[in-house]
Structures are given as structure tokens and as C-alpha cells.
Amino acid sequence: GEDVEQSLFLSVREGDSSVINCTYTDSSSTYLYWYKQEPGAGLQLLTYIFSNMDMKQDQRLTVLLNKKDKHLSLRIADTQTGDSAIYFCAGLNTGGFKTIFGAGTRLFVKA
Amino acid sequence: DGGITQSPKYLFRKEGQNVTLSCEQNLNHDAMYWYRQDPGQGLRLIYYSQIVNDFQKGDIAEGYSVSREKKESFPLTVTSAQKNPTAFYLCASSMPGQNNEQFFGPGTRLTVL
């Protein structure tokens, strides 16, 4: 079935760049998303990319999409301690209604 | 302010009791969803509703029930048939047809003793 996989942990130093990677199986996903979850809270959409794009930049965030390899990445430039959170990769399934979420990558930012 | 609310934030119940989690949105969204979050497993879809008076089972619907009598409300009942109900429950809503961004509530942490 449809699946989204991502590594569970990433640790970086404050000021460095963070790169969170994700692979997905549904090649027909029209939208791919990155959501952020603060401790004990719900998820918030950080950014998304449409499947016909290769890259999207939004301030400190850069999303890269490699459709051939079904690989999505999120780069956070100049990572701050406030960026510490869980980041979920997700894809809108072929039917266009269900969103499939990965397990989340917990980002630790060391001061 | 438009948003999606869940109550209560924390809920404790004894084993064998049914419990209902509330979810309300004033975003005028057609679609609503319930997810369960367990450590290291991401979000798993329990039920979803595309429109009032209609809902479908998600990937882990056993032991849960929902209703959608009003557009704004999508309560989830965790029944005694759910074998491992202790988890963090998230409700979300979206307006299909756009980028299908989902707006999440703050979650309810259910602990069954």
C-alpha cells in the first residue's frame, strides 16, 4: 500500500543547516507536504510542493522533490533552537482525499 | 478567530468504559478526520468524513465510532472494544479541491487505566 518513510531523529548545532529526508511510494501523489509538530500540540503545515515542481523555497525552508527516486527533502537554513520539533513528511494519495503521513523526524537543535 | 478545537486536553478513563472525544471547527471545512498518534508510528487514520451525515473507515477503525450530524462537529467515541486505546488523538479538517492542507486541533491525550 501507500507508504511514507523518514528517519526518526536528527541532531544539528544552532546556526547549521538541517536536512530532513523522506521517501514515498505513491508516484501519483499530487501534493507533498511538510508539517511541524511542537511538543504536545497538533500539526501545522510548514510548506508543500506540487508534484510538477522540483524545488520550492520559502524564506529559510527549501523543499526538493525528486520524482524519479520518489524522494522529498526539507532543508532548514540557519537552524534555531525554536526549530526543535517533529517534522512529518506527507503525501496526498492518488484519490486526492487521504493524506499519508510518515512517522516523523524529531529534530534536536543544540545551542 | 477561525480554528479547530478539541476537548479535553487530557482524559483518563477506566478500562471497559466508552469515552467520547470532542472536535469542533469553525473554518467551514467540508472534510474532517481523526488520527491516532503513537510514538515512532506517525499518524494513523481512524475515520474521515467528506460531508455531513457521511463518514468512512480509515486504516484502524476497529473499536472506534464517529458521527457527523453537523458540519462543525465530528466526535470520536473510543469503545471498550478498542484493545489499546491509550494514545494521543488528533482531529483535523480540510477543504478538498485546494491543496488539501489539513488544519489540526491541539489533540487529546487519552489514558486508560
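Above: the structure in question.
Residues numbered from 1 in each chain as written. Chains lettered and ligands numbered in written order. Predicted model: local features only at pLDDT ≥ 70, side-chain atom pairs only at ≥ 80, totals over all residues. Heavy atoms only, no water.

Examining the interface of chain B and chain A
Bring the parts together and some accessible area is lost; that lost area is often taken as the interface size.
Stage number 1. The partner chain A presents 19 residues to the 25 residues of chain B that form the contact.
Stage number 2. Note on chain B versus chain A: buried area summed over both sides is about 1,700 Å², and carbon and sulfur give 59% of it.
Stage number 3. Inspection of the chain B/chain A interface yields one salt bridge.
Stage number 4. A salt bridge links A:K98 to B:D59, with the nearest nitrogen and oxygen atoms 3.3 Å apart.
Stage number 5. In this structure, the connection of chain B to chain A is made through six residue pairs in polar contact (both at pLDDT 80 or more).
Stage number 6. Listed by contribution, the elements that provide at least two residues to the side of chain B that touches chain A are β4 (31-38), β5 (42-51) and β9 (87-94) of chain B.
Stage number 7. Per-element tally for the side of chain B that touches chain A: the top contributor is β5(B), with six residues. (Contact = heavy atoms within 4.5 Å. Buried area = accessible area lost by both parts, 1.4 Å probe. Salt bridge = Lys/Arg side-chain N within 4 Å of Asp/Glu carboxyl O. Polar contact = N/O pair within 3.5 Å; in protein donor to acceptor, adjacent residues only side chain to side chain. Helix = DSSP H or I, 4+ residues; strand = E, 2+ residues; numbered from the N terminus.)

Observations concerning the sheet that holds strand β1 (residues 4-7) of chain B
Where strands meet in a sheet, backbone hydrogen bonds hold them as pairs that are either parallel or antiparallel.
All names here are of chain B.
Stage number 1. Judged by pairing direction, the sheet is antiparallel, and its four strands sit side by side in the order β1-β3-β8-β7 without closing on themselves. Two strands lie at the open edges of the sheet, namely β1 and β7 (64-66), each paired on one side alone. The sheet shows a mean angle of 20 degrees between the axes of neighbouring strands, taken without regard to direction.
Stage number 2. Pairing of β1 with strand β3 (residues 19-25) involves four bridges; the strand directions are antiparallel. Note that in β3 the partner of I4 across the bridge is Q25. (Pairing = 2+ DSSP bridges. Axes fitted to C-alpha atoms, helices over the stretch in contact; angles between N-to-C directions.)

Notes on a nonpolar patch on the surface
Stage number 1. On the surface, a cluster of nonpolar side chains totalling about 310 Å² of accessible area is made up of A:L8, A:F9 and A:F108.
Stage number 2. Structurally, A:L8 can be placed in the loop between β1 (4-6) and β2 (9-13). (Patch = residues over 30% accessible without salt bridge, like charges linked within 9 Å, V, L, I, M, F, W, Y side chains within 5 Å. Areas by Shrake-Rupley, 256 points an atom, 1.4 Å probe, with all protein chains shown as cover.)

Some thoughts on the packing of aromatic side chains
Residues and elements named next belong to chain A.
Stage number 1. Overall, the coordinates contain 13 aromatic pairs over all chains when judged by the stated rule.
Stage number 2. Consider the rings of F9 and F108, whose centres lie 6.2 Å apart with planes at 20 degrees: the pair is stacked. A residue pair is termed long-range when its members are at least 10 positions apart, and F9 in strand β2 and F108 in strand β11 (residues 105-110) qualify at 99 residues.
Stage number 3. Centre to centre, the rings of Y33 and Y35 are 5.9 Å apart; their planes meet at 50 degrees, and the pair counts as tilted. (Phe/Tyr/Trp six-rings, centres within 6.5 Å; stacked < 30°, edge-to-face > 60°.)

A closer look at the pairing of strand β6 (residues 55-58) of chain A
All names here are of chain A.
Stage number 1. As judged from the four bridges shared by β6 and strand β7 (residues 61-66), these two strands associate in the antiparallel manner. When the bridges of β7 are listed, M55 appears paired with L64.
Stage number 2. Counted along the chain from β6 to the antiparallel partner β7, the turn is two residues long, and its residue Q59 has a positive phi close to 55 degrees.

Thoughts on the environment of A:Y35
Stage number 1. Here A:Y35 is to be found in strand β4 (residues 31-37).
Stage number 2. Its relative accessible area of 0% is what places A:Y35 among the buried residues.
Stage number 3. Between the C-alpha atom of A:Y35 and that of A:L45, which follows or precedes it by 10 residues, the distance is 4.4 Å.
Stage number 4. A distance of 2.9 Å separates the side chain of A:Y35 from the backbone nitrogen of B:Q102, its partner in a polar contact. (Buried < 20%, exposed > 50% of the residue type's maximum accessible area, 1.4 Å probe, protein only.)

So, the sheet that holds β6(A)
Residues and elements named next belong to chain A.
Stage number 1. Within the open sheet, the five strands sit side by side as β1-β3-β8-β7-β6. Their pairing is antiparallel. Two strands in the sheet have a free side with no partner beyond their single neighbour: β1 and β6. Neighbour-to-neighbour, the strand axes of the sheet open up by a mean angle of 15 degrees, direction not taken into account.
Stage number 2. Alignment of β7 against strand β8 (residues 71-76), held across six bridges, turns out to be antiparallel. Paired with N66 across the strands is H71, a residue of β8.

A word on the state of the cysteines
Stage number 1. Scanning the entire structure with this criterion turns up two disulfides over all chains.
Stage number 2. Across the disulfide from A:C22 sits A:C89; the S-S distance is 1.9 Å. The sign of the S-S torsion, about -65 degrees, decides the handedness of the disulfide formed by A:C22 and A:C89: left-handed. With a gap of 67 residues between them, A:C22 in strand β3 (residues 18-24) and A:C89 in strand β9 (residues 85-92) connect regions that are remote in the sequence.
Stage number 3. Across the disulfide from B:C23 sits B:C91; the S-S distance is 1.9 Å. Measuring handedness by torsion sign, the sulfur bridge of B:C23 and B:C91 sits at about -75 degrees and is left-handed. Remark: B:C91 occurs in strand β9 and B:C23 occurs in strand β3; sequence separation between them is 68 residues. This pair shows no difference in class: B:C23 is buried, exactly as B:C91 is. (Disulfide = S-S within 2.5 Å.)

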